[in-house]
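Summary of structural features
Each chain is listed here by its residues.
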Amino acid sequence: MRIAVDAMGGDFAPAEIVKGCVEALDRADAEIVLVGREEAIRAEFEKLKFKPDGNIIILDAREVIDSDESPVRAVRHKRDSSIVKCINMVRDGQADAMLSAGNTGALMSAALLYLGRIEGIERPAIVSAYPLLGRKGRFALLVDSGANAECKPSNLLGFAYMGSIYMSSAFGVKNPKVGLINIGTERNKGTALLKDSFMLLENSAVNFIGNIEARDIPKTEADVLVCDGYTGNIVLKLTEGVAWNILKLIKEKMTESLTSKFAALPFAAKLKSLKKDFDYSTYGGAP
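Computed from a prediction, not measured in an experiment: that's the story for all the values here.

Calculation rules
Sequence order as written defines residue numbering, which begins from 1 separately in each chain. Thresholds applied to this predicted model are a pLDDT of at least 70 for local features of residues and 80 or more for the giving and counting of side-chain atom pairs; totals over whole chains, interfaces and linings are not thresholded and use all residues. The basis for every side-chain value is the complete set of non-hydrogen atoms in the structure, without hydrogens or water. Here the axes come from fitting lines to C-alpha atoms, over the contacting stretch only for helices, and the angles between their N-to-C directions go from 0 to 180 degrees. In DSSP terms, a helix is any run of H or I states spanning at least four residues, a strand is any run of E spanning at least two, and both are numbered starting from the N terminus. Any angle between 65 and 115 degrees counts as roughly perpendicular, while under 35 counts as roughly parallel, over 145 as roughly antiparallel, and the rest as oblique. Left-handed describes a crossing whose near helix is turned anticlockwise from the far helix through less than a right angle; right-handed describes the clockwise counterpart. We call two residues in contact whenever any of their non-hydrogen atoms come within 4.5 Å of each other. Gly is placed with the polar residues, together with every amino acid not listed as nonpolar (Ala, Val, Leu, Ile, Met, Phe, Trp, Tyr, Cys and Pro) or charged (Asp, Glu, Lys and Arg). The rule is short: rings of Phe, Tyr and Trp, with Trp giving its six-membered ring, pair when the centres are within 6.5 Å, and they are stacked under 30 degrees, edge-to-face over 60, tilted in between. For the exposure calls, accessible area comes from a 1.4 Å probe over protein chains only, and a residue counts as buried if that area is under 20% of its type's maximum, exposed if over 50%, partly exposed in between. The salt bridge criterion pairs a side-chain nitrogen of Lys or Arg with a carboxyl oxygen of Asp or Glu, the two atoms within 4 Å. A pair of strands is labelled paired if DSSP reports no fewer than 2 bridges between them.

Quick notes on the packing of helix α1 (residues 15-24) against helix α2 (residues 38-47)
Helices that pack against each other are described as a pair by the angle of their axes relative to one another and the distance between those axes. α2 packs onto α1 with a crossing angle of 60° between their chain directions and a minimal axis gap of 9 Å. Considering their axes alone, α1 and α2 lie oblique with respect to each other. Every pair of crossing elements has a handedness; the one defined by α1 and α2 is right-handed. Between α1 and α2, the residues in contact are Ala15, Val18 and Val22 and Ile41, Glu44 and Phe45, respectively. Its residues assigned to classes, the contact of α1 with α2 comprises 5 nonpolar, no polar and 1 charged.

Written out as structure tokens, the structure reads:
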């Protein structure tokens, strides 16, 4: 497998991207193509005292799409950017997959503009793994978690199908359960979008189990959580914020109540384990 990696994407690029790719060589049976400004990538190799071999190569790309740029305008005008070059490698069969930690909107726009959509898919979606309480290692897929702020009922139906197929093929979940995020469990709750989406999902071939209230998301039975990207992004970031603040509060209370450093050690280990369970970076990137 050949993977194209946007070496210039992300807050700490290219240093952290290069470092990650070098580490990945020991774990993945793949050829990595680092796409970006060649001199910057080679400088990072020198810092790591790493000499590129046949499993990691560099493809020069002179332009960079910054995080604050207009996505559509950037991908149209910066065709020599690392993101666009990575996408075109996949399109042209020069890579099997591509990764970027850069401008998400630009990545989505480049994929639509240069790679195109699967036949029958109206809108692509961003998928995030949402960890579930009380079930170690289990998660639900949140679809869409940020690509489409405004949607039609048919878009949400498409998200349900894509999420179900991905959950089944990538994680081996048979007949995944699909839930629709809403303000209540009753079928007549929510906006016109949600009511119409409920009807479409109910009459579709997906394993639809009904509406899921926000308070029930962390312990849901659903394998796929469907919503528009605006709602999904709020759910994701609110959960991240709440989880981190609760962990911070627990740590502060532990420090106040435990005067002995040795007495605190068992609790610190448990807290570290809990932190890992709730750390979004544990669950990898968002396809």
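Observations concerning the packing of aromatic side chains
For the coordinates displayed, the defined rule picks out 4 aromatic pairs. Aromatic pair phenylalanine 139 and phenylalanine 171: ring centres 5.0 Å apart, planes at 80°, arrangement edge-to-face. Residue phenylalanine 139 is found in strand β6 (residues 139-143), and its partner phenylalanine 171 is found in helix α6 (residues 153-171); the two are separated by 32 residues along the sequence. With centroids separated by 5.1 Å and ring planes inclined at 80°, the aromatic side chains of phenylalanine 198 and phenylalanine 208 adopt a geometry described as edge-to-face. One end of the pair, phenylalanine 198, is in helix α7 (residues 192-202); the other, phenylalanine 208, is in strand β8 (residues 207-213), and 10 residues separate them in sequence. Judged by its relative accessible area of 8%, phenylalanine 198 falls in the buried class. A connected cluster of aromatic rings, assembled from ring pairs, spans Phe139, Tyr166 and Phe171.

With respect to the pattern of salt bridges
Counting across every chain of the model gives 13 salt bridges. With a shortest N-O distance of 3.0 Å, lysine 219 and aspartate 216 are connected by a salt bridge. Accessibility expressed as a relative area gives 52% for lysine 219, which makes it exposed. Its relative accessible area of 23% is what places aspartate 216 among the partly exposed residues. Bridged by salt links that share partners, the residues Glu39, Asp60 and Arg62 form one connected network.

What to know about the sheet that holds strand β7 (residues 177-182)
As summarised here, the arrangement of the 5 strands in space is β5-β6-β9-β7-β8, forming an open sheet in which the pairing is mixed. Here the strands that pair on one side only, and so sit at the sheet edges, are β5 (127-131) and β8. Pairs of neighbouring strands in the sheet enclose a mean axial angle of 30°, with direction left out of account. Pairing of β5 with β6, which is carried by 5 bridges, proceeds in the antiparallel orientation.

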